[in-house]
Amino acid sequence: MTNPAAIDPADQTVELAPSYVIPIVLIGAAIPLVLIQIWVSAGIALFGVFLLIQTVLLRLKFTPTDLDVYRGETLIRRFPYREWQNWEIFWSPVPILFYFREVKSIHFLPIIFDPKMLRICLEQHFPKA
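Here is a short report on the structure shown in this document. (Residues numbered from 1 in each chain as written. Predicted model: local features only at pLDDT ≥ 70, side-chain atom pairs only at ≥ 80, totals over all residues. Heavy atoms only, no water.)

1. Some thoughts on the overall build of the protein chain
The cut-off we apply is this: Secondary structure elements are defined from DSSP: runs of H or I of at least 4 residues count as helices, runs of E of at least 2 residues count as strands, and each element is numbered from the N terminus. Burial here depends on accessible area, computed with a 1.4 Å probe over protein chains only, as a share of the maximum for the residue type. Under 20% is buried, over 50% is exposed, and the range in between is partly exposed. Note on contacts: a residue pair qualifies if any of its non-hydrogen atoms lie within 4.5 Å across the two residues. For the area figures, the Shrake-Rupley method with a 1.4 Å probe applies, and any residue is considered shielded solely by the protein chains shown.
Each helix and strand counted, the protein chain has three helices and eight strands in total. Ordered by position from the N terminus, the helices and strands of the protein chain form the series β-β-α-α-β-β-β-β-β-β-α. Counting only C-alpha atoms and orienting by the principal axes, one finds that the protein chain spans roughly 50 × 35 × 30 Å. Counting all 129 residues of the protein chain, 35% fall into the buried class. Long-range pairs, those at least 24 residues apart, make up 44% of the contacts in the protein chain with a sequence separation of at least 6. Surface summary for the protein chain: the accessible area is close to 8100 Å², and the carbon and sulfur share equals 67%.

2. Let's talk about the nonpolar core
Worth spelling out the cut-off: Joining through side-chain atoms within 4.5 Å is the link that ties buried Ala, Val, Leu, Ile, Met, Phe, Trp, Tyr and Cys residues into a set, and such a set is a nonpolar core.
In terms of nonpolar packing, the biggest core is built from 24 residues, with L16, F62, L67, W84, F98 and L118 touching the most fellow members. Put simply, the parts of the chain that give this core at least two residues each are strand 2 (13-16), strand 3 (58-62), strand 4 (66-71), strand 6 (84-90), strand 7 (97-102) and helix 3 (115-125). Sort the elements by how many residues they give to this core and helix 3 lands first, with four residues. Not counting residues within four places of it along the chain, the set of residues in contact with W84 comprises L67, F79, F98, F100, R101, E102, L122 and F126.

3. Thoughts on the packing of aromatic side chains
For clarity, the cut-off: Aromatic pairing here means that ring centres of Phe, Tyr or Trp (its six-membered ring) are within 6.5 Å. Orientation follows from the plane angle: under 30 degrees is stacked, over 60 is edge-to-face, and everything else is tilted. As a reminder, the over-ring test applies to NZ of lysine and CZ of arginine, requiring each to be within 6 Å of the ring centre and within 35 degrees of the ring normal.
As enumerated under the stated definition, the model contains eight aromatic pairs in all. Ring centres of F47 and F50 lie 6.4 Å apart, and the angle between their planes is 20°; this geometry places the pair in the stacked category. In this pair, F47 and F50 are both assigned in helix 2 (residues 38-57), three residues apart and thus about one turn of the helix distant. Assessed through its relative accessible area of 44%, F47 is described here as partly exposed. F50 gets classed as partly exposed once you look at its relative accessible area, which sits at 44%. An angle of 25° between the planes, with centres 5.2 Å apart, marks the rings of F98 and F100 as stacked. F100 carries the same exposure label as F98, and that label is buried. Among the aromatic side chains, those forming a connected cluster through ring pairs are F79, Y81, W84, F98, F100 and F126. The ring of Y70 has K61 lying over it, and the distance from NZ or CZ to the ring centre is 4.4 Å.

4. Structural notes on the pairing of strand 6
Applied cut-off: At least two DSSP bridges between two strands are needed for those strands to be called paired.
Pairing between strand 6 and strand 7: six bridges, direction antiparallel. For E88, the partnering residue across the bridge sits in strand 7 and is Y99. Hairpin geometry of strand 6 and strand 7 is characterised by an intervening segment of six residues between the two adjacent antiparallel strands and by a positive phi of about 65° at W91.

5. A look at the sheet that holds strand 6
Here is the rule we go by: Helix axes use the C-alpha atoms of the stretch in contact, all axes being lines fitted to C-alpha atoms, and the angles between their N-to-C directions lie in the range 0 to 180 degrees.
Across the sheet, which stays open at both edges, the three strands sit in the order 6-7-8 with antiparallel pairing between neighbours. The open sheet is flanked by strand 6 and strand 8 (106-110), the only strands paired with a single partner. Sheet twist, expressed as the average angle between the axes of neighbouring strands with direction ignored, equals 15°. Its contacts with the sheet place helix 3 against strand 6 and strand 7, and it is angled at close to 155° to strand 6.

Okay, structure coming up:
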């Protein structure tokens, strides 16, 4: 069994493992829709492929002070916890969307990462009141 997240013991950074569930479900759901509505099917399939590519490329890393978003080895965005106001994972039975609010902005991310480890890291770094 593989570890769902890579933990760097030197600084307690946690890198979330990718989760391909949502992209695969969208692509799979688009296949039978071709018989009913080809344009709707194509739109859903394209969105699924887009999410699949993002799942392969993007990584979330929880550091002691920030949530970092990487594309490959390149840091593309840093979200310091001190600027967070709230977070939520929507639809608990099958998590599909991660929301968090900073002082100046709101962010929504599809759950293309291990949802259990995401929740654990969120509760560890920014516990809800």
